[in-house]
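Listed below are the residues making up each chain.
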Amino acid sequence: MMDLQGQFLIAMPHLADYFHRTVVFVCEHNDQGSMGVVINQPTDLSIAELYSKLNFMMKNDRTFDDAMVVAGGPMHTERGFIVHKNSLVDFQHSYKITDELCLTTSADVVDTFGSLQAPEKYLVALGCAGWSAGQLEQEIADNAWLVVPSNDRILFDTPYEDRYLAASQLLGINMHNFATAQVGHS
C-alpha cells in the first residue's frame, strides 16, 4: 500500500468536478480509506470572523492575520478540521499526521486562535475529502492525481491562489503545460 499520509494530492487538469485545480493535504491514509482537506479553496469567512462567531464576540484581545477558512472538501461541510503544527497545548480531539503536524477537530483549538497558546501555524477547513479503502489508490492509477511530499510553506504561507501551481512545481512541472483532456481521449 502506498504511504500517502502527509502528502499533497494535486488534481490533474482534466478533473472537472469539485476537485478541479485543487491541492489536497492527506491527513489520514490506511487500510480503511483516506481523508484529507483541500488547501487552496478559500471561503469568504476569515479565521477572525470564525473565532468571533464561535465566541459570540466576547473576547476582543486577540490578534489575527488575514487568513481565511478554506472549503476542505465536499464531506462534513458543517464540521471544522484544523491542520496545525504541533503545539504545547493538548487538544481534545487531535490526530497525529506526521511528526510535526496534527489534525484537530475539537473547538478547543479555536479558543487559542489569536493568542500565544495557538499553534505556530494552522489551516482551518470546513469540510473534508474522503475515499473508501483502495479508492484513492485507484484514482491515482487512473491519473486523476499527482502525489508530492507536502511542504509547510505551501500548506500555511503560500497565497491560496498560488498553491496549485506551487505544489505542481515541487515536481518540476508547470500544470499550465498540460492539455485539459486526458491523453488517449479525443
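The protein is annotated in an unreviewed UniProt entry as UPF0301 protein BKK47_03120 of Rodentibacter mrazii. According to UniProt, the comment filed for the protein under the heading Sequence similarities (unreviewed entry) is "Belongs to the UPF0301 (AlgH) family."

**Some remarks on the nonpolar core**
With 37 residues, the main nonpolar core has Phe8, Phe25, Val37, Ile39 and Val83 as its most contacted residues. The contacts of valine 83, once residues within four sequence positions are left out, are Phe25, Cys27, Val37, Ile97, Cys102, Leu103, Lys121, Tyr122, Leu123, Leu155 and Phe156. Among the nonpolar cores identified, the runner-up in size contains 14 residues, and Phe19, Val26, Ile140 and Ala144 belong to it.

**Re the pairing of strand S1 (residues 7–11)**
Summarising burial for S1: five of the five residues are buried, a large majority. Along S1, one buried face is formed by Gln7, Leu9 and Ala11 and the opposite face, lined by Phe8 and Ile10, is buried too. As paired strands, S1 and strand S10 (residues 145–149) are joined by five bridges and run antiparallel to one another. Its bridge partner being in S10, glutamine 7 is matched across the sheet by proline 149. Bridge count for S1 against strand S2 (residues 23–30) is three bridges, and the pairing is antiparallel. What sits directly across from isoleucine 10, in S2, is valine 23.

What counts as what
Residues numbered from 1 in each chain as written. Predicted model: local features only at pLDDT ≥ 70, side-chain atom pairs only at ≥ 80, totals over all residues. Heavy atoms only, no water. UniProt positions renumbered as here; feature names shortened; annotations may be inferred. Core = buried A, V, L, I, M, F, W, Y, C linked by side-chain atoms within 4.5 Å. Buried < 20%, exposed > 50% of the residue type's maximum accessible area, 1.4 Å probe, protein only. Contact = heavy atoms within 4.5 Å. Helix = DSSP H or I, 4+ residues; strand = E, 2+ residues; numbered from the N terminus. Pairing = 2+ DSSP bridges.

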